[in-house]
Amino acid sequence: MTNAPQSNATAGIAFIVAGMVAISVNDMLIKQLSSGYPLHQMVFLRSSIGILLSFALLQYEGGVSLLKTRHPWLHIVRCLMVVVSNMTFFVALAAAPLAEVTALFFAAPLFITVLSIPFLGEKVGPMRITAVVAGFAGVVIMQRPWEGGEAETANRIVLMLPVLSALTYAANQILTRKLGATTKASALAIYIQGMFILVSLAFFVVAGDGRFAAGASDPSLNFLLRAWTWPADGDWIYMIALGLNSGVVGYCLAQAYRMADAATVAPFEYTGLPMAILWGWLIWGELPDPIVWLGILLIMGSGLFVFFREKQKARQVARAEVKGRY
């Protein structure tokens, strides 16, 4: 008998697409507000609102008893991976174009493939390894190692942040699939929102008065370390939207990976990339240059090849198992 959640491909795809729409709105709002508020304040406000929505969904799915778990340390590790992934991504948003940061983040499927070898014991053939190498070549191209000084669109360290975000996100998804077998999506979302609240409060205690932002000229450091500020009247609607959106994102992503296998769901995460390009163009007039487009195509093409190759391999294994029963 297995503890794996029942696969429901259609519902999983619907949840992941809804989650990517919510994520694109979330990223747009974070970037829009990044010049006026510190990241940890926005994280605190959005998670405080989002956790209320998550508790409402928890009550719908069965009540607070669902928060009990036999794997508390795995949940803590998963939550920390999500916190690192989100905060490195958002810090990069303050100093780099939305489409570029989002494209670099989509190296996550390549990391999932690599991490599945030691952690899940999966065998990855030469075709997928080649695709992974091509995808990472796209990451390197987008770093523009041949440029320097004023030619750079963003500090190279800043451009490495979404790559770190992708790595920690990949680790989170592997843990989500494992823990989702016994934990409801609403509970998974509550654990993450709770961790966000704790981490943002720790930032407030250490840096909430802005003492470490004095003299910092880098927009990413300013975003991370500036003092908390009471939101302007016109910004409260955006803060509330961030909070509600946060609850939707956490629930939809956890539900998608609970209801369907990763090889089915993950390719639909790429719907977030055209959304990011659209927001960047509509709001900030940003469009990727040819080098960025080349990197985007390599990363996106490699990721999609990996997923479709995994589905093909899964069908071949299934057919072999069926034949073996007769």
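Residues numbered from 1 in each chain as written. Predicted model: local features only at pLDDT ≥ 70, side-chain atom pairs only at ≥ 80, totals over all residues. Heavy atoms only, no water.

Caption draft 1: Broad picture of the overall build of the chain. Counting secondary structure elements, the chain contains 13 helices and zero strands. Counting helices and strands in the order they occur from the N terminus, the chain gives α-α-α-α-α-α-α-α-α-α-α-α-α. Burial status across the chain gives 50% buried among its 326 residues. A fraction of 85% describes how many contacts in the chain between residues 6 or more apart in sequence connect residues 24 or more apart. A total accessible area of about 15200 Å² is found for the chain, and carbon and sulfur atoms account for 69% of it. (Helix = DSSP H or I, 4+ residues; strand = E, 2+ residues; numbered from the N terminus. Buried < 20%, exposed > 50% of the residue type's maximum accessible area, 1.4 Å probe, protein only. Contact = heavy atoms within 4.5 Å. Areas by Shrake-Rupley, 256 points an atom, 1.4 Å probe, with all protein chains shown as cover.)

Caption draft 2: A nonpolar patch on the surface, seen in detail. Judged by side-chain polarity, Leu 278, Trp 281, Leu 282, Ile 283 and Leu 287 come together as a nonpolar surface patch covering roughly 490 Å² of accessible area. Topologically, Leu 278 is positioned in helix 12 (residues 272–284). (Patch = residues over 30% accessible without salt bridge, like charges linked within 9 Å, V, L, I, M, F, W, Y side chains within 5 Å. Salt bridge = Lys/Arg side-chain N within 4 Å of Asp/Glu carboxyl O.)

Caption draft 3: Looking closely at the pattern of salt bridges. Taken as a whole and judged by the stated rule, the model has one salt bridge. In this structure, Asp 209 and Arg 211 form a salt bridge, with 3.0 Å as the shortest nitrogen-oxygen distance. For Asp 209, a relative accessible area of 48% gives the class partly exposed. Look at Arg 211 and you get partly exposed, because its relative accessible area is 49%.

Caption draft 4: Local environment of the nonpolar core. Within the largest apolar cluster, 78 residues are counted, with the highest numbers of intra-cluster contacts made by Ile 30, Leu 39, Met 42, Phe 90, Leu 93 and Phe 223. Residues within four places of Leu 39 in sequence aside, it is in contact with Met 87, Phe 90, Val 91, Phe 223 and Leu 224. One finds Leu 179, Ala 185, Leu 188 and Tyr 251 within the second-largest nonpolar core, a separate group that totals five residues. (Core = buried A, V, L, I, M, F, W, Y, C linked by side-chain atoms within 4.5 Å.)

Caption draft 5: Summary view of the side chain of Gln 255. Secondary-structure assignment places Gln 255 in helix 10 (residues 236–259). When neighbours within four sequence positions are excluded, Gln 255 is seen to be in contact with Phe 15, Glu 61 and Ala 185.

Caption draft 6: Structural detail: the confidence of the model for the chain. Predicted confidence across the chain gives a mean pLDDT of 83, with 89% of residues reaching 70 or more. Confidence drops under pLDDT 50 across residues 1–6; counting only partners more than four residues distant or on other chains, this segment forms eight contacts. Note that pLDDT drops below 50 for residues 317–326; the model gives that stretch zero contacts with residues more than four away or on any other chain. (pLDDT = per-residue confidence, 0-100.)

Caption draft 7: Spatial organisation of the environment of Ser 85. Note that Ser 85 resides in helix 3 (residues 72–93). Residues Ser 85 and Ala 166, 81 residues apart in the sequence, show an inter-C-alpha distance of 6.7 Å. When near neighbours in sequence (up to four residues on either side) are disregarded, Ser 85 contacts Phe 105, Ser 165, Thr 168 and Tyr 169.

Caption draft 8: Broad picture of the side chain of Ser 54. Tracing the sequence through the fold places Ser 54 in helix 2 (residues 39–61). For Ser 54, a relative accessible area of 1% corresponds to the buried category. If we ignore the near neighbours within four places in the chain, the residues touching Ser 54 are Ser 186, Ala 189, Ile 190, Gln 193 and Gly 247.

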